[in-house]
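Working through the structure, step by step
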Amino acid sequence: MRILGVSAHYHDAAAALIVDGLPVAAVQEERLSRRKNDAAFPLAAIEWCLEQAGLEPGDLDAVVFYERPMLKFDRILTCALRAFPQSWRSFPHAMKNTLAEKLWVRGIISSQLGVPRQKVLFTEHHRSHAAAAFLTAPVRDAAILTADGVGEWATLTVGKGTRGPDRTAITLLREIRFPHSLGMLYSTFTSFLGFAVNEGEYKVMGLASYGQPTMTDAVRKIISPTPDGAFRLNLDYFDFHTTAKRSFSARFIDLFGPPRDPLDPIDLETADGRRYADCAASVQQVLEDILVETARSLHSETGLPDLCLGGGVALNGVANHRILRESGFERIFVPPAPGDAGCALGAALYADRIHFSNPDREFPDHPFWGPCVEEGVLARLAREDHLPVEELDEPGLIARVAQDLAQDRIVGWMEGALELGPRALGHRSILAGPHTIQMRDRLNRDIKHREEFRPFAPVVPVEAAERFFELPPGGSRLARFMSGVFPVRREWREKLAAITHVDGTARVQALERDMAPRLYALLEAYGQLSGIPILLNTSFNLAGEPIVNRTIEGYLTFRRSGIDVLVAGCTRVTKRVSGEGT
Ligand SMILES: [Fe+2]
């Protein structure tokens, strides 16, 4: 059976193709259109997925959209009516967006792809998240927790899943509904702190480490527990449910002070700078407390040892670590794309296993479902520009690049198929030595152009991870796709200054050899040269751009940034002629 999953129209559109129960291709639209967080209907992604499998749209058995537009419309309409008359300005805006595209998704898919309307199916948004988390994890039975800003109505669900030869089921036990939302709470602070919503949440998490949670009482005024173990937002402090213009209200400002202007730098030497950091630390702590509590009661309710986490909130690696340590679950599985892009894959898997009751298949345990690096392109491009090119065999390449890194060169690393999800997990990475503050600052200044409070992540062979990082039991699984933040062991912090955050932690990727053998070999070779088999691994993109996909994009990024060496497959290119080859 051939099933195409599609997510679009909110944030980060994507397409994923499942053939006979296994993924064949999946890619985010932004990686092809080159517009970051592209939410448009993912025609390019769909076209690429079909082409990859040699299929025409007519060959598809079903196209599954990742949420139910009518339910979403129902939510927007209901909230607008409840909030009338404050909502009268935002409502036409919401209507325009919703009616124009979301509501007519079946017609759009049917006409754009030329598939009959009856082949277009819908899943619920949080079922797509749940499927993306559970059906991609190597577990038979697990509890499931999903949390995001909002889908149709649900903003958080708890449930459980079971997989077996005869039956696959995902049972959602309870849900919390809009406007009560952990994602919206965090996004409101993201916007209050002057960052872009849906992108700047990482920055809030990074900034939190610089602050003290001095305002948790204030945060608990605006989100409070309910007797049934859920939570509710005190809507007096928010405006996101009434207007698209601003998510926090005047009372929110009374409580937390004036918001940060996005153009003002954060200076931790000033009272305002410290207040921003304390706000971030406080909302982070409350978010963690609520997630831990929710997971703990789900653990006692289900008695299951494994938890699958989905939804954008599952990108919060600090919270994930606390859930692992404190909720009672032995292992936590977070997919590489827990956000809405991964819902394309989740929706397709949900339709395959549950709607069509197709037999269970073991999901390949890696994130590499996108376009592959093209052979020969880098060598051609570099030769046209008269840059030094080396085409090496694999051992030669590994040895050469390990030397580059040991000599403090910054390496653009392109290999195999592109990752699905926001993190570079070894196929589209910028790699560098992890040892010095100077390296971190150089990366921030010359390449990533980002705030200094945002940490860089390390990648380490899974077998060596515990030597350098304090991983609790189950931690290496959480670190497989860089989904947890863990303490760097004290004795290594100085030697790992480029990847150690101000609070002594790092968002570790613990790499298994089979997942990315060439990067694994590079880590080993670098370990032999430096004594530490760890590299700084950050996504291969400049600020504001999507992660590079094709070789040409990697090459252009290399040319206009401070990257010293570019590797695509077994081709190595440098900028300088003199001083190389020694
Ligand atoms: Fe979502």
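Attention here is on the structure that accompanies the text. (Residues numbered from 1 in each chain as written. Predicted model: local features only at pLDDT ≥ 70, side-chain atom pairs only at ≥ 80, totals over all residues. Heavy atoms only, no water.)

Thoughts on the coordination of the iron ion
- Here the iron ion is held by His125 (NE2), His129 (NE2), Asp148 (OD) and Asp340 (OD), and the distances to it run 2.1 to 2.2 Å.
- Classification of the site at the iron ion as irregular follows from its four donor atoms and the range of 89 to 173 degrees in their angles at the metal.
- If you list the donors of the iron ion from N- to C-terminus, the spacing comes out as H-x3-H-x18-D-x191-D. Of this pair, His129 sits in helix α6 (residues 125-134) while Asp148 sits in the loop between β6 (141-147) and β7 (154-163), and the two are 19 residues apart along the sequence. (Donors = N, O, S within 2.8 Å, 3.2 Å for Na, K, Ca; no water. Tetrahedral: all angles 85-135°; square planar, octahedral: opposite > 155°, others 65-115°. Helix = DSSP H or I, 4+ residues; strand = E, 2+ residues; numbered from the N terminus.)

Brief notes about the layout of surface pockets
- Each pocket or cavity is described by its volume, and for the second largest pocket that value is around 580 Å³.
- Forming the boundary of the second largest pocket are 23 residues, of which Ile176, Thr226, Gly229, Ala230 and Phe231 lie nearest the centre.
- Contributions of two or more residues to the lining of the second largest pocket are made by β7, β8 (168-177), β9 (223-225), β10 (231-233) and α11 (271-302).
- Looking at the lining of the second largest pocket element by element, the count peaks at six residues for α11.
- Looking at the lining of the second largest pocket residue by residue, the class counts come to nine nonpolar, six polar and eight charged. (1 Å grid on protein atoms, 1.4 Å probe; cavity = no way out; pocket = protein on both sides within 12 Å on 5 of 7 lines; lining within 4 Å. Points joined across faces, edges and corners; volume = space filled by probe spheres on them. Nonpolar A, V, L, I, M, F, W, Y, C, P; charged D, E, K, R; others polar.)

Regarding helix α12 (residues 317-326)
- When you tally the buried positions in α12, you get seven out of 10 residues, the bulk of the element.
- What α12 keeps buried is the set Gly317, Ala319, Asn320, His321, Arg322, Ile323 and Leu324.
- Of the surrounding elements, those touching the buried residues of α12 are α8 (201-208), α11, β11 (306-310), β12 (331-333), α18 (475-478) and β19 (485-487).
- In the stretch just after α12, Gly328 is the one whose phi turns positive, near 100 degrees. (Buried < 20%, exposed > 50% of the residue type's maximum accessible area, 1.4 Å probe, protein only. Contact = heavy atoms within 4.5 Å.)

Things to note about the sheet that holds strand β22 (residues 535-539)
- Taking strand neighbours across the sheet as the criterion, the eight strands line up as β14-β24-β23-β15-β17-β22-β18-β21 in an open arrangement whose pairing is mixed. Taken across any chain shown, the strands that pair with only one partner, and hence form the sheet edges, are β14 (389-391) and β21 (509-511). Adjacent strand axes in the sheet meet at a mean angle of 25 degrees when their direction is disregarded.
- Note: strand β15 (residues 411-414) against strand β23 (residues 565-568), four bridges, orientation parallel. In the sheet register, Val411 faces β23, and the bridge partner there is Val565. (Pairing = 2+ DSSP bridges. Axes fitted to C-alpha atoms, helices over the stretch in contact; angles between N-to-C directions.)

A closer look at the packing of α11 against α12
- The contact between α11 and α12 brings their axes to 9 Å, and the two run at 35 degrees. Considering the relative orientation of α11 and α12, their crossing is right-handed. Residues Gln284, Gln285, Leu287, Glu288, Asp289, Leu291, Val292, Ala295 and Arg296 of α11 form the contact with α12, whose own contacting residues are Val318, Ala319, Arg322, Ile323 and Glu326.
- Residues of the contact of α11 with α12, tallied by class, amount to seven nonpolar, two polar and five charged. (Left-handed = near helix turned anticlockwise from the far one by under 90°.)

Describing the pairing of β8
- Bridge count for β7 against β8 is nine bridges, and the pairing is antiparallel. Paired with Arg163 across the strands is Thr168, a residue of β8.
- In textbook terms, the turn of a hairpin is the stretch between consecutive antiparallel strands, and for β7 and β8 this stretch comprises four residues.

What about the packing of helix α7 (residues 182-192) against α8?
- Look at α7 against α8: their axes get within 9 Å of each other, and the N-to-C directions meet at 80 degrees. On the basis of their axis angle, the class for α7 and α8 is roughly perpendicular. Contacts between α7 and α8 involve Tyr186, Ser187 and Thr190 on the former and, on the latter, Glu201, Val204 and Met205.
- Tallied by class, the residues present in the contact of α7 with α8 amount to three nonpolar, two polar and one charged. (Parallel < 35°, antiparallel > 145°, perpendicular 65-115°, else oblique.)

A few points about the pattern of salt bridges
- For the structure shown, the criterion picks out 39 salt bridges.
- In this structure, Glu175 and Arg177 form a salt bridge, with 3.0 Å as the shortest nitrogen-oxygen distance. (Salt bridge = Lys/Arg side-chain N within 4 Å of Asp/Glu carboxyl O.)

Brief notes about the sheet that holds strand β1 (residues 2-7)
- Read from one edge of the open sheet, five strands run β3-β2-β1-β4-β5, paired in mixed fashion. The sheet is open, and its two borders are formed by β3 (22-28) and β5 (120-122), each paired with just one other strand. Put simply, the sheet's adjacent strands are angled 20 degrees from each other on average, direction ignored.
- Alignment of β1 against strand β4 (residues 62-65), held across four bridges, turns out to be parallel. Residue pairing in the sheet places Ile3 in a bridge with Ala62 of β4.
- Contacts from helix α2 (residues 43-53) reach β1, β2 (14-19) and β3, with the element oriented near 150 degrees to β3.
- Taken strand by strand, helix α5 (residues 105-113) contacts β1, β4 and β5, and its axis lies near 145 degrees from that of β5.

Focus: the packing of aromatic side chains
- Counted by the stated rule, this structure contains 16 aromatic pairs.
- Each ring, one from Phe189 and one from Phe192, has its centre 6.4 Å from the other, and the planes form 80 degrees; the classification is edge-to-face. One end of the pair is Phe189 and the other is Phe192, both in helix α7 and three residues apart, which spans about a single turn.
- The exposure class of Phe189 is buried, given its relative accessible area of 0%.
- Taking relative accessible area as the criterion, Phe192 reaches 0% and is therefore assigned buried.
- One aromatic cluster is present, formed by Phe178, Phe189, Phe192, Phe238, Phe240, Phe248, Phe252 and Phe256 through successive ring pairs.
- Sitting above the plane of the Phe558 ring, Lys575 keeps its charged end 4.8 Å from the centroid. (Phe/Tyr/Trp six-rings, centres within 6.5 Å; stacked < 30°, edge-to-face > 60°. Lys NZ or Arg CZ within 6 Å of the ring centre and 35° of its normal.)

Considerations on unusual backbone geometry
- Geometrically, the link from Phe178 to Pro179 is a cis peptide bond, its omega value of 5 degrees lying close to zero.
- If you trace the backbone, Pro179 turns up in the loop between β8 and α7.
- Even without glycine at this site, Asp20 takes up a positive phi of about 50 degrees.
- Structurally, the position occupied by Asp20 is in the loop between β2 and β3.
- Located in the positive-phi region is Asp408, a residue other than glycine, with phi close to 65 degrees.

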